[in-house]
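Commentary on secondary and tertiary structure
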Amino acid sequence: MRANLLDFDIEGLAAFCAALGEKPFRATQLFRWIHQRGEADFSAMTDLAKSLRDKLAVAAHVAAPVVLSYHASVDGTIKWLFDVGGGDAVEAVFIPETDRGTLCISSQAGCAVGCRFCSTGHQGFSRNLSTGEIVAQLWFAEHFLREHLGRNTRVISNVVMMGMGEPLQNYAALVPALRVMLSDHGYGLSRRRVTVSTSGVVPMVDRLAADCPVALAVSLHAPSDALRNQLVPLNLKYPLADLLGACARYLAHAPRDFITFEYCMLDGVNDSVEHAQQLVGLLATYAGGASWCKLNLIPFNPFPASGLLCSPPQRVQAFAQVLMASGLTTTVRKTRGQDIDAACGQLAGDVMDRTRVQQRMANQRVVHVVRAPFAPAGAVL
Ligand code: SF4
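My aim in this report is to walk through the structure given alongside it, one point at a time. (Residues numbered from 1 in each chain as written. Predicted model: local features only at pLDDT ≥ 70, side-chain atom pairs only at ≥ 80, totals over all residues.)

What follows is about the overall build of the chain. Counting secondary structure elements, the chain contains 12 helices and 15 strands. Across the 381 residues in the chain, those meeting the buried criterion constitute 48%. Residue pairs at least 24 apart in sequence account for 69% of intrachain contacts in the chain once pairs closer than 6 positions are excluded. (Helix = DSSP H or I, 4+ residues; strand = E, 2+ residues; numbered from the N terminus. Buried ≥ 20, exposed ≤ 12 C-beta atoms within 10 Å, placed from the backbone. Contact = placed C-beta atoms within 7 Å.)

Taken together, 13 residues lie around the ligand, and Cys111, Val113, Cys115, Cys118 and Gly121 are the ones closest in. Grouping the constituent residues of the shell around the ligand by class yields five nonpolar, seven polar and one charged. (Near = placed C-beta within 6 Å. Nonpolar A, V, L, I, M, F, W, Y, C, P; charged D, E, K, R; others polar.)

Moving on to the environment of leucine 295. Locating leucine 295 in the fold gives a position in strand β13 (residues 293-299). For the pair formed by leucine 295 and leucine 323, sequence separation is 28 residues and the distance between their alpha carbons is 8.3 Å. Not counting chain neighbours up to four residues away, the residues in contact with leucine 295 comprise Phe261, Tyr263, Leu323, Leu328, Thr329 and Thr330.

With respect to the helices and strands, the residue arginine 154 is situated in the loop between α5 (131-149) and β9 (158-161). Measuring from C-alpha to C-alpha, the distance between arginine 154 and glycine 188 comes to 9.4 Å, with 34 residues separating the pair along the chain.

Before going further, it helps to spend a moment on the nonpolar core. If you look at the biggest cluster of nonpolar residues, it comprises 108 residues, and the most contacted ones within it are Leu13, Leu103, Leu138, Val159, Met181 and Met265. Residues from two domains meet in this core; each of domain 1 (3-61) and domain 2 (66-370) gives at least three. Leaving out residues up to four positions away in the same chain, leucine 103 has contacts with Ala92, Phe94, Leu138, Ala141, Ile156 and Val159. (Core = buried A, V, L, I, M, F, W, Y, C linked by C-beta atoms within 7 Å. Domains from an automatic or database assignment.)

In the Ramachandran plot, histidine 221 falls in the positive-phi region, its phi being about 70° despite a non-glycine side chain. Tracing the backbone through its elements, the reader meets histidine 221 in the loop between β11 (215-219) and α8 (225-231).

We now examine helix α11 (residues 313-325). Between the first and last C-alpha of α11 there are 18 Å, a value that for 13 residues agrees with the 18 Å anticipated at 1.5 Å per step. One or two positions beyond α11, positive phi appears at glycine 327, with a value near 95°. (Expected span 1.5 Å × (residues − 1).)

Our next topic: the pairing of strand β6 (residues 100-104). Burial runs high along β6: four of the five residues are buried. Looking at chain direction, β6 and β9 are connected through three bridges and run parallel. By the bridge assignment, leucine 103 is partnered in β9 with valine 159. (Pairing = 2+ DSSP bridges.)

Structure (structure tokens):
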């Protein structure tokens, strides 16, 4: 079976090349062709010796999952649906802003954590993605966007692992994928610009700190164990004191001097002024106060099976006021790409709904492209 070179970080590719009798610098050349130039055809890699290209043609390929659909929002957000086989599909979402281009990618088909407010959680776990399937989302999106925008420089400046799945429950595939993103010969992203979002797999937070400390976001969603046990079942195994302790330890390794806490605003569930006060107290007790905590309040993206609704804007504002008055840096996430169901990660509603994904896959074996106004070539994303 041919090796998929998207599965390798640069050390892995060097080992693969060594097995072919090639020197390590060949791996660097190959890595740059694949990730920096988006090339999948070995015969086009003209500075590689013909003998190596011939060997690669037999032993390897560069294979990304097939794109089932592509949708572009009027606000520039783009969503791709990738077929990862066996009836599973995952999505990646590109969110352009004036000063950055962020790609939200998936780490698993489905998710075993089962958060109450997440439709992926409602649909269950199918399988882990391979390193190649994680990297392919970035590889495909970056080079698609360069071509689409007529650019030969980087378009995606930030990657967030907030799509489908719990990345720290797919650790073995995650870490090499992160290394590809960070490599100067790959995408050259700084650790500050690559974010892993977790629902709180405490031992793996510590391992990530040691192995590949990128920016960390934590799905908090509740100010007490009693409530978080209901919303994020993983809390039964790793309660808040343990989770916040791991965050405090992570900070010593983190590329930023803060950790982001995501808090999904659920109408009548976790969004009262009392909840906000409880949250302030929690962070004061276990996280040493406000100094390294950044709160991101996220309007819930409702889906029928959840039985939950989004908090009204006034309640979100009142909640934010309590946090800010206590000195906590607090933001309210903007909703993007609503016309293409582009909510991603924890809030993913439709994007994460495997039932819908599978239904769409059945209906859309032919790629269905909905084109909407898009930034003109050369536009700053
Ligand atoms: S919110 Fe994240 S961790 Fe929780 S079920 Fe959804 S994908 Fe899994």
